[in-house]
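Listed below are the residues making up each chain.
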Amino acid sequence: MTQQDDNLLGNYLRERRQRLDAGKLGYPLLRRRTPGLRREEVAVRACVSTTWYTWLEQGRGGAPSEEVLERLSKALELSAAERDHLFLLAQNRLPGVTWQAGVDVSPSLQRVLDSMTHTPALVKTAEWQVVAWNHAATKVFVDYAQLPSEQRNILLMMFSNEEMKKRLPDWHQVTRNMVANFRADVARTGASEHVRALVEELSAMSETFRQLWQSQEVSQHGEGIKQLWLPDEGVLELEYSTFAVEGKPGLSLVVFNPRLPRDRETVARLMARP
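Residues numbered from 1 in each chain as written. Predicted model: local features only at pLDDT ≥ 70, side-chain atom pairs only at ≥ 80, totals over all residues. Heavy atoms only, no water.

**Q** Can you help me understand the pattern of salt bridges in this one?
**A** A side chain of one charge can pair with a side chain of the opposite charge when the charged atoms of the two come close. Evaluated as defined, the whole model comprises 20 salt bridges. When the shortest N-O distance is used, the salt bridge between Arg-16 and Glu-15 registers 2.2 Å. Arg-273 is paired through a salt bridge with Glu-233; the nearest N and O atoms lie 3.0 Å apart. With Arg-273 in the segment after α14 (261–272) and Glu-233 in the loop between β3 (223–230) and β4 (234–245), the pair connects residues that are 40 residues apart, well separated along the chain. Classification of Arg-273 by relative accessible area gives partly exposed; the value is 35%. Using a relative accessible area of 19% as the deciding quantity, one classes Glu-233 as buried. Within this structure, Glu-15, Arg-16, Arg-19 and Glu-82 form a network of salt bridges that share partners. (Salt bridge = Lys/Arg side-chain N within 4 Å of Asp/Glu carboxyl O. Helix = DSSP H or I, 4+ residues; strand = E, 2+ residues; numbered from the N terminus. Buried < 20%, exposed > 50% of the residue type's maximum accessible area, 1.4 Å probe, protein only.)

**Q** Any chance you could explain the packing of helix α5 (residues 66–75) against helix α6 (residues 80–91) here in plain terms?
**A** Two measures define how a pair of helices packs: the angle their axes make with one another and the distance between the axes. Relative to each other, α5 and α6 sit at 140 degrees, their axes nearing to 10 Å. In this structure, α5 meets α6 at a crossing whose hand is right-handed. Facing α5, whose interface residues are Glu-66, Leu-69, Glu-70, Leu-72 and Ser-73, α6 presents Arg-83, Leu-86, Phe-87, Ala-90 and Gln-91. Each residue belonging to the contact of α5 with α6 can be placed in one class, and the counts come to 5 nonpolar, 2 polar and 3 charged. (Axes fitted to C-alpha atoms, helices over the stretch in contact; angles between N-to-C directions. Left-handed = near helix turned anticlockwise from the far one by under 90°. Contact = heavy atoms within 4.5 Å. Nonpolar A, V, L, I, M, F, W, Y, C, P; charged D, E, K, R; others polar.)

**Q** So what exactly am I meant to see when it comes to the sheet that holds β3 here?
**A** Spatially, β2-β1-β5-β4-β3 is the arrangement adopted by the 5 strands of the open sheet, whose pairing is antiparallel. This sheet does not close on itself; its edge strands, each paired only once, are β2 (130–133) and β3. Adjacent strand axes in the sheet meet at a mean angle of 30 degrees, parallel and antiparallel pairs treated alike. For strand β1 (residues 121–124) and strand β5 (residues 248–258), the ladder comprises 4 bridges, and the chain directions are antiparallel. Note on β5: the bridge partner recorded for Ala-121 is Val-255. Packed on one face of the sheet, helix α7 (residues 107–115) meets β1, β2, β4 and β5 and runs near 60 degrees to β2. (Pairing = 2+ DSSP bridges.)

**Q** Even after reading the chapter, I still don't get the packing of aromatic side chains, so can you show me in this structure?
**A** Under the counting rule described, the total for this entry stands at 7 aromatic pairs. Ring geometry for Phe-182 versus Trp-213: centroids 5.5 Å apart, planes at 45 degrees, classification tilted. Of this pair, Phe-182 sits in helix α11 (residues 171–189) while Trp-213 sits in helix α13 (residues 207–214), and the two are 31 residues apart along the sequence. Ring centres of Tyr-240 and Phe-256 lie 6.3 Å apart, and the angle between their planes is 50 degrees; on these two criteria the pair is classed as tilted. One end of the pair, Tyr-240, is in strand β4; the other, Phe-256, is in strand β5, and 16 residues separate them in sequence. Neither residue differs from the other here; Tyr-240 and Phe-256 are each classed as buried. (Phe/Tyr/Trp six-rings, centres within 6.5 Å; stacked < 30°, edge-to-face > 60°.)

These figures come from the coordinates and say nothing about function on their own.
The structure is reproduced here in structure tokens:
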């Protein structure tokens with residue numbers, strides 16, 4: 001293997017640098033013998049010395065810090081996937097988690113929800129705020145559109161609504177798993193500081209939540225069986241599966257599939273009601 005073949009980080013930086021459009025970035029196009037930006041231009045954008053950046057491309061600049069890698073990522077206008085690859089090449093690990101604000105759900109994802117006509121499904125944030133749902137979810141769970149946005153939080157509904165306790169035969173186990181999952185989601189997405197007010201609100205309204213949160217239990221229940229008691233229908237069993245939304249670290253798609261034929265019939269009857 002040649003030294004050039006072994007310089008994976010330097011090769012990647014050079015390729016990403018040469019891919020950039022100098023004109024679009026406001027640099028003069030005269031006297032450019034190679035495509036992309038010059039090394040000194042990338043160095044200025046990343047706030048590092050030209051000499052050090054040149055060494056880095058040549059495979060002799062030493063291991064860059066996380067802060068420098070973040071600046072290089074922005075200077076080279078890397079996508080999220082390209083940024084991850086940069087960290088893997090430089091430090092043999094993925095970058096640290098950074099919480100991202102924003103709960104926008106793409107039209108295509110909403111169409112995926114709507115295509116599941118008899119399968120309740122919803123999209124929630126790391127704070128467990130429901131931000132998208134389908135018609136089946138409104139029939140089986142609650143009509144989220146009729147709730148103010150601040151009340152569409154699953155945890156708030158679970159711990160403040162007495163009706164929820166009646167609908168969940170295993171409420172205590174469900175809430176224990178839920179809080180443990182919530183803690184894992186918060187840690188995974190770097191949202192700890194951003195959920196402080198929600199945790200304080202839940203702790204003030206519910207002694208059960210306060211004790212569960214203080215227990216420090218963490219787990220990931222990405223799939224399982226959810227039981228709901230429904231008036232006039234009895235117990236409805238749903239198998240749930242949770243999926244990450246690509247490119248949106250804070251969003252999760254949760255699909256609730258009727259478990260047995262009788263459960264599918266129950267959902268069909270609910271859907272038929274006005």
